[in-house]
Amino acid sequence: MTRSVCPGSYDPPTNGHLDILERAAGLFDEVVVAVLINKSKRGLFTVDERMEMLTDTTSHLSNVRIDSWHGLLVDYCRHNDIQAIVKGLRAISDFDYELQMAQMNQQLTGVETLFMPTKPENSFLSSSLVKEVATYGGDVSHLLPGVVHRRLVARLAES
Ligand code: PNS
């Protein structure tokens, strides 16, 4: 059985994330979407909320499951018999850091990272920018799954 992980903060999941998850699901027997705690980023949504949104938006993908992890990605891969990490690459600016992490992870345990280019229409899309635009009233409805957009608007209205 081939099993990969798509790790990320997913705060919140965007159409760009969903595109990568759908394409990865076509390549592996099982894809685990792992919500990882990124200590350098303050979250708008809790890990449970992010997992709920991911569960809702991937319900049409029978070989995708959602999980979370606090710790090293390589340890998650080892504990879950995962052979490959799949990462979406938007632009060359992503590449430097992603390459560094891929090489570090490979060196730590031998786990491989596969880079998947995003669709061009998603190459500018990030959770951080979506949150910033939405905070100041910009329309981001076309960049997010409907359920995520509704939760984002509600969350920002609370603050
Ligand atoms: O969506 P993001 O924030 O770009 O995802 C980055 C993430 C969470 C995948 C990355 O920070 C990560 O793998 N964190 C887990 C901790 C870890 O393994 N750190 C060492 C990386 S070489």
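Residues numbered from 1 in each chain as written. Predicted model: local features only at pLDDT ≥ 70, side-chain atom pairs only at ≥ 80, totals over all residues. Heavy atoms only, no water.

Draft legend 1. A look at unusual backbone geometry. Residue Pro 12 follows Asp 11 across a cis peptide bond; omega there is 0 degrees. Summarising the element assignment, Pro 12 is placed in the loop between strand 1 (3-8) and helix 1 (15-25). Unusually for a residue other than glycine, Tyr 10 sits at a positive phi of about 50 degrees. Within the fold, Tyr 10 resides in the loop between strand 1 and helix 1. Tyr 10 sits in the buried class, given a relative accessible area of 5%. If you check the backbone angles, Asp 81 has positive phi at about 55 degrees while not being a glycine. Along the chain, Asp 81 falls in the loop between helix 3 (73-79) and strand 4 (84-89). (Helix = DSSP H or I, 4+ residues; strand = E, 2+ residues; numbered from the N terminus. Buried < 20%, exposed > 50% of the residue type's maximum accessible area, 1.4 Å probe, protein only.)

Draft legend 2. Spotlight on the nonpolar core. Cys 6, Tyr 10, Val 31, Val 33, Leu 54, Val 64 and Val 86 are the most contacted members of the largest nonpolar core, which has 18 residues in total. When residues in this core are grouped by element, the largest group, 4 residues, is from helix 1. Look past the residues within four positions of Tyr 10 in its chain and what remains in contact with it is His 17, Leu 21, Val 33, Ala 34, Val 35, Arg 50 and Leu 54. (Core = buried A, V, L, I, M, F, W, Y, C linked by side-chain atoms within 4.5 Å. Contact = heavy atoms within 4.5 Å.)

Draft legend 3. The site of the ligand, seen in detail. Neighbouring the ligand are 13 residues, the closest being Ser 9, Asn 38, Lys 41, Gly 71 and Leu 73. Contact with the protein chains covers 77% of the free accessible surface of the ligand, which is 550 Å². Among the detected pockets, the ligand sits in the largest pocket. Of the residues forming the shell around the ligand, the biggest block, 3 residues, is contributed by helix 4 (residues 92-109). Residue composition of the shell around the ligand, by class: 6 nonpolar, 5 polar and 2 charged. (Near = heavy atom within 4 Å. Areas by Shrake-Rupley, 256 points an atom, 1.4 Å probe, with all protein chains shown as cover. 1 Å grid on protein atoms, 1.4 Å probe; cavity = no way out; pocket = protein on both sides within 12 Å on 5 of 7 lines; lining within 4 Å. Sits in = over half its atoms within 2 Å of the grid points. Nonpolar A, V, L, I, M, F, W, Y, C, P; charged D, E, K, R; others polar.)

Draft legend 4. Quick peek at the layout of surface pockets. Here the largest pocket is characterised by a volume of approximately 1400 Å³. Lining the largest pocket are 45 residues, with Gly 8, Asn 38, Lys 87, Glu 98 and Met 101 positioned closest to its centre. Of all the secondary structure elements, the ones that give two or more residues to the lining of the largest pocket are strand 1, helix 1, strand 4, helix 4 and helix 5 (127-135). For the lining of the largest pocket, the element with the most residues is helix 4, which contributes 9 residues. Across the lining of the largest pocket, the residue classes break down as 16 nonpolar, 19 polar and 10 charged. (Points joined across faces, edges and corners; volume = space filled by probe spheres on them.)

Draft legend 5. Broad picture of the pattern of salt bridges. The final tally for this structure, using the stated rule, is 13 salt bridges. Its salt-bridge partner being Glu 30, residue Arg 65 comes within 3.2 Å of it at the nearest N-O pair. Here the residue Arg 65 occupies a position in strand 3 (residues 64-69), and Glu 30 occupies one in strand 2 (residues 30-36), the gap between them amounting to 35 residues. Residue Arg 65 is classed as partly exposed on the basis of its relative accessible area of 31%. When salt bridges that share partners are traced, they join Arg 3, Glu 30, Arg 65 and Asp 81 into one network. (Salt bridge = Lys/Arg side-chain N within 4 Å of Asp/Glu carboxyl O.)

Draft legend 6. Looking closely at the side chain of Arg 155. Mapping Arg 155 onto the fold places it in helix 6 (residues 146-158). A relative accessible area of 19% means that Arg 155 is categorised as buried. Only 2.6 Å separates the side chain of Arg 155 from the side chain of Glu 49, close enough to count as a polar contact. Excluding residues within four positions of it along the chain, Arg 155 makes contact with Leu 44, Phe 45 and Glu 49. (Polar contact = N/O pair within 3.5 Å; in protein donor to acceptor, adjacent residues only side chain to side chain.)

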